[in-house]
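Now for the letters of each chain:
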Amino acid sequence: MQQQKIIILDFGSQTTQLIGRRVRELDTFCEIVPYNKFPKDDPTVIGVILSGSPYSVHDPEAFTVDLSQFVGRIPVLGICYGAQFISHTLGGKVEKADSREYGRANLVTIDHSNALFKGFEPNSQVWMSHGDTITAIPQGFKAIASTANVTYAAYASATQPVWAVQFHPEVYHTLQGTQLLRNFVVDICHSRQDWSADSFVESTVAELKAQLGDDKVILGLSGGVDSSVAAVLLNRAIGSNLTCIFVDHGMLRKNEFRDVMHDYECLGLNVIGVDASEKFFADLAGVSDPEQKRKIIGRDFVEVFNAEAKKQTGAKWLAQGTIYPDRIESLNITGKVIKSHHNVGGLPEEMHLQLCEPLKWLFKDEVRRVGRSLGMPEHLITRHPFPGPGLAVRILGDITPEKVRILQDADDIYIRGLRAYKVKLSGEEARRVLAAGVPADMHDGEIEVSLYDQIWQAGTILLSTVRSVGVMGDERTYEHPVALRAVTSTDAMTADWAHLPYDFMAKVSNEIINKVKGVNRVCYDISSKPPATIEWE
Ligand code: XMP
């Protein structure tokens, strides 16, 4: 049976990805495509959602789409700008609102007979964020919800399957937003809700077998979740025709190269481990500038990887663990680069390798679910993201093997501490954590999770350009501080510093200063992103 999908037309809103996530949470496959790339002749499309946009429909540069491609053919839901665009295009009226409508509002009237509002409670809270407002709707349409200030908070066609809402059902503050999207996706578009990690594994393995046949494939492993899951998936499809290359640049976490190689071997992967740390340390000697460090590491990495890849004569494909958010960022239609990625790049053209990206449609939490479905060990699946240049971007100043050793030791204490410290959660908090797939044991309605599993990412930074005075026993010390960083996030685009328990911080700080020679002070980074970034360099 062919995979059904919802198409989300992206008009550039910051919450477009969130719409995608919400639809996937309804076990329904969806694709986010640029506003002008509707796949016209695709029979698997069961519904279309038009996203919000930073533009007003009256802006000369506003994004537009030919609605006749889908209106009247398949169900359509316009959100915010999407709702205004439908009204504006089909003969309604959109005008500048007297005051920008932003924040929480309540639906004071709701047409409960309309399928979109099935199960809605009176006065349901929604989230508004728009400067324009719809002052008239097209002929043949009717209002189906309003707030105190917005007459057409939602409207629908009386004759065609078209719905539009000026609020944002995808954001958390619209309390029945998931219900509204379920009404659209399941009841109106008739999704079979058969998109799951198991079904993904089954169909992807079959597709990879058909696509790759007996071809040989090379894949660069980093120790991270994405490349590891991609490797296990490919291994299931083509077995020993997959060769993985794992380069150690010497700036991984303590014992990580050894431990991860062991994990990969246990998973039956055909892995070549390359210890190139001497080359990286030599090329980085004396370099303090963050961008220059990144460039050197990127260049060396490609060189080492290519030298190894070239030995794999007859390889036809390069596989990568690229995931959906990586692609959405690079496809960002407003043209702003938010974060540049530093994955394996620039393999020599004479190798004529084709690109294979089996995870390119998945969000991070879905990658983790796929990893579980493939039976991968939990510690590999729940591993925090780690930057390609590794500890090099967590040492301020130049890099030496000794500084890396100091940082590895301090970081090891911090990370082991995060794994060991358990927190009890119950009620809504526990449900949220379990829904995100965090491994936890339930006792009497309570779950116990480690701090490590509760946060997005943690790491230690060595401030090797700074020294401060301390006292140890009767001795004066003059050594470096380390900063601890821990953030909560869903996608690394924004992040908040994690509110770690004081007793945990006290214990870790003590242990680091007592055990790690070269460190006499520990700080905690309380900056959010933006305006800071997660990594210091
Ligand atoms: P920033 O520091 O930009 O990081 O807030 C966002 C996320 O990206 C990771 N990161 C990298 N990952 N190569 C990578 O593969 C890199 O050069 C790189 N720089 C940052 C970072 O750890 C965080 O998860």
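Worth saying up front: this structure is predicted, and the values here are computed from it rather than measured. Residue numbers restart at each chain and count upward from 1, following the sequence in its written direction. Confidence filtering applies because this is a predicted model: local features only for residues at pLDDT of at least 70, side-chain atom pairs given and counted only at 80 or more, and all residues used for totals across whole chains, interfaces and linings. Only heavy atoms go into the side-chain values, all of them from the structure, while hydrogens and water stay out.

Asks: Mind showing me how you'd approach the environment of glutamate 479 here?
Replies: With respect to the element layout, glutamate 479 can be found in strand β21 (residues 475-488). Note on classification: 1.4 Å probe, protein chains only; a residue is buried when its accessible area is under 20% of the maximum for its type, exposed when over 50%, partly exposed between these limits. For glutamate 479, a relative accessible area of 22% translates into the label partly exposed. With 51 residues separating them along the chain, glutamate 479 and proline 530 place their C-alpha atoms 30 Å apart. In this analysis, two residues are considered to be in contact whenever any of their non-hydrogen atoms come within 4.5 Å of each other. Here glutamate 479 is in contact with Val466, Arg467, Ser468, Gly518, Val519 and Asn520, once residues within four sequence places are set aside. Counting from the N terminus, the helices are DSSP H or I runs at least four residues long and the strands are E runs at least two residues long.

Asks: What's the story with the sheet that holds strand β17 (residues 441-443) in this structure? I'm lost.
Replies: Strand-to-strand pairing in sheets goes through backbone hydrogen bonds, with the strands running parallel or antiparallel. A pair of strands is labelled paired if DSSP reports no fewer than 2 bridges between them. Taken in spatial order, the three strands make up an open sheet running β16-β18-β17, and their pairing is antiparallel. With partners counted over all chains shown, the strands left at the sheet margins are β16 (422-426) and β17, one partner each. Strand after strand, the sheet turns through a mean of 35° between neighbouring axes, direction not considered. Summarising the sheet, β16 and strand β18 (residues 446-450) pair through five bridges and their orientation is antiparallel. Paired with serine 426 across the bridge in β18 is glutamate 446. Fitting a line to C-alpha atoms yields each axis, with helices limited to the stretch in contact; the angle taken between N-to-C directions then spans 0 to 180 degrees. Sheet contacts for helix α13 (residues 427-435): β16, β17 and β18; angle to β16, the most-contacted strand, approximately 110°.

Asks: Looking at this structure, how should I read the packing of helix α4 (residues 197-212) against helix α10 (residues 364-373)?
Replies: Here α4 crosses α10 at 75°, and the two axes come no closer than 8 Å. Our classification of the angle between α4 and α10 gives roughly perpendicular. Counted together, Ala197, Asp198, Phe200 and Val201 of α4 and Arg369, Val370 and Ser373 of α10 form the full contact between these two elements. Of the residues contributing to the contact of α4 with α10, the split by class is four nonpolar, one polar and two charged. Angle categories: roughly parallel below 35 degrees, roughly antiparallel above 145, roughly perpendicular from 65 to 115, and oblique for all the rest. Residue classes follow a fixed rule: Ala, Val, Leu, Ile, Met, Phe, Trp, Tyr, Cys and Pro count as nonpolar, while Asp, Glu, Lys and Arg count as charged, and any other residue, Gly among them, counts as polar.

Asks: I tried to follow the packing of aromatic side chains on my own but got confused; where do I start?
Replies: In this description, an aromatic ring pair is defined by two values, namely the gap between the centres and the angle between the planes. To pair, rings of Phe, Tyr and Trp, with the six-membered ring standing in for Trp, must have centres within 6.5 Å; the planes then decide the type, stacked if under 30 degrees apart, edge-to-face if over 60, and tilted in the middle. For the coordinates displayed, the defined rule picks out 22 aromatic pairs. Geometrically, the ring pair formed by phenylalanine 29 and tryptophan 195 is tilted, given 4.7 Å between the ring centres and 45° between the ring planes. Of this pair, phenylalanine 29 sits in the loop between α1 (16-25) and β2 (30-34) while tryptophan 195 is found in the loop between α3 (177-188) and α4, placing the two residues 166 residues apart along the sequence. Grouping residues by exposure puts phenylalanine 29 and tryptophan 195 together as buried. A centroid spacing of 5.0 Å and a plane angle of 80° characterise the contact between phenylalanine 117 and phenylalanine 120, whose relative ring orientation is edge-to-face. This pair shows no difference in class: phenylalanine 117 is buried, exactly as phenylalanine 120 is. An aromatic cluster is defined as three or more aromatic residues linked by ring pairs; in this entry it consists of Phe11, Tyr35, Tyr55, Phe63, Tyr81 and Phe85. Directly above the aromatic system of phenylalanine 363 lies the positively charged group of arginine 21, at a separation of 5.2 Å from the ring centroid. One Lys or Arg, arginine 419, reaches over the ring of tyrosine 452 and ends 3.9 Å from the middle of that ring. Think of it as a cone above the ring: NZ of Lys or CZ of Arg counts as a charge over the ring if it is within 6 Å of the ring centre and within 35 degrees of the ring normal.

Asks: Please explain the nonpolar core as it appears in this structure.
Replies: Formed by 48 residues in total, the largest nonpolar core has its most connected members in Tyr414, Leu418, Leu500 and Ile512. Residue contributions to this core peak at eight residues, all from helix α12 (residues 401-420). When residues are assigned to domains, this core turns out to be shared by domain 2 (197-381) and domain 3 (395-524), each giving three or more. When neighbours within four sequence positions are excluded, leucine 418 is seen to be in contact with Ser450, Leu451, Tyr452, Ile455, Ala458, Leu500 and Phe504. The set of buried Ala, Val, Leu, Ile, Met, Phe, Trp, Tyr and Cys residues whose side-chain atoms join them within 4.5 Å is what this entry labels a nonpolar core. Membership of the second largest hydrophobic core comes to 42 residues, among which are Ala197, Leu221, Leu234 and Met376. Each domain span listed reflects an automatic or database assignment of domains.

Asks: Looking at this structure, I do not really get the side chain of threonine 16. What am I missing?
Replies: Structurally, the position occupied by threonine 16 is in helix α1. Polar contacts involving the side chain of threonine 16 include one to the main-chain carbonyl oxygen of serine 13, which spans 3.1 Å. Sequence-distant contacts of threonine 16, defined by excluding residues within four places in its chain, comprise Ile8, Asp10, Ile32 and Ser51. Distance and chemistry together define a polar contact, namely a pair of N or O atoms within 3.5 Å, with one atom able to donate a hydrogen and the other to accept it when in protein, and with adjacent residues in sequence counting only for side-chain atoms on both sides.

Asks: Help me out: how do you make sense of the pattern of salt bridges in this one?
Replies: Oppositely charged side chains are able to pair whenever their charged atoms sit close together. The term salt bridge refers to a side-chain nitrogen of Lys or Arg lying within 4 Å of a carboxyl oxygen of Asp or Glu. On inspection of all chains with the given rule, the structure shows 30 salt bridges. One salt bridge in this structure joins lysine 5 and glutamate 31, with 3.4 Å as the shortest N-O distance. On the criterion of sequence distance, the pair formed by lysine 5 in strand β1 (residues 5-10) and glutamate 31 in strand β2 is long-range, its members being 26 residues apart. Comparing lysine 5 with glutamate 31, the two get one shared label, buried. We note a salt bridge from aspartate 215 to lysine 316, for which the minimum N-O separation is 3.7 Å. Taken as a pair, aspartate 215 in the loop between α4 and β11 (216-221) and lysine 316 in strand β14 (residues 315-319) lie far apart in primary sequence, 101 residues in all. We classify lysine 316 as partly exposed; its relative accessible area is 43%. If you follow the salt bridges from partner to partner, you end up with Lys279, Asp283, Arg299, Asp300 and Glu303 in one network.

Asks: Even after reading the chapter, I still don't get the domain arrangement of the protein, so can you show me in this structure?
Replies: Bring the parts together and some accessible area is lost; that lost area is often taken as the interface size. Domain boundaries in the protein define domain 1 (5-188), domain 2 (197-381) and domain 3 (395-524). Relative to domain 2, the C-alpha centre of domain 1 lies at a distance of 38 Å. Buried area is understood as the total, over both parts, of accessible area removed when two parts are fitted together, assessed with a 1.4 Å probe. Interface area for domain 1 against domain 2, summed over the two sides, is near 1100 Å², with a carbon-plus-sulfur share of 63%. On the domain 1 side of the contact with domain 2, Gln17, Arg21 and Arg24 bury the most area, a combined 48% of that side's loss. Our count for the contact surface shared by domain 1 and domain 2 stands at two salt bridges. The residue arginine 21 makes a salt bridge to aspartate 365 at a minimum N-O spacing of 3.1 Å. Joining domain 1 to domain 2, the criterion identifies four residue pairs in polar contact (both at pLDDT 80 or more). When residues of the side of domain 1 that touches domain 2 are traced back to their parent elements, those giving at least two are α1 and β2. The element best represented in the side of domain 1 that touches domain 2 is α1, accounting for four residues.

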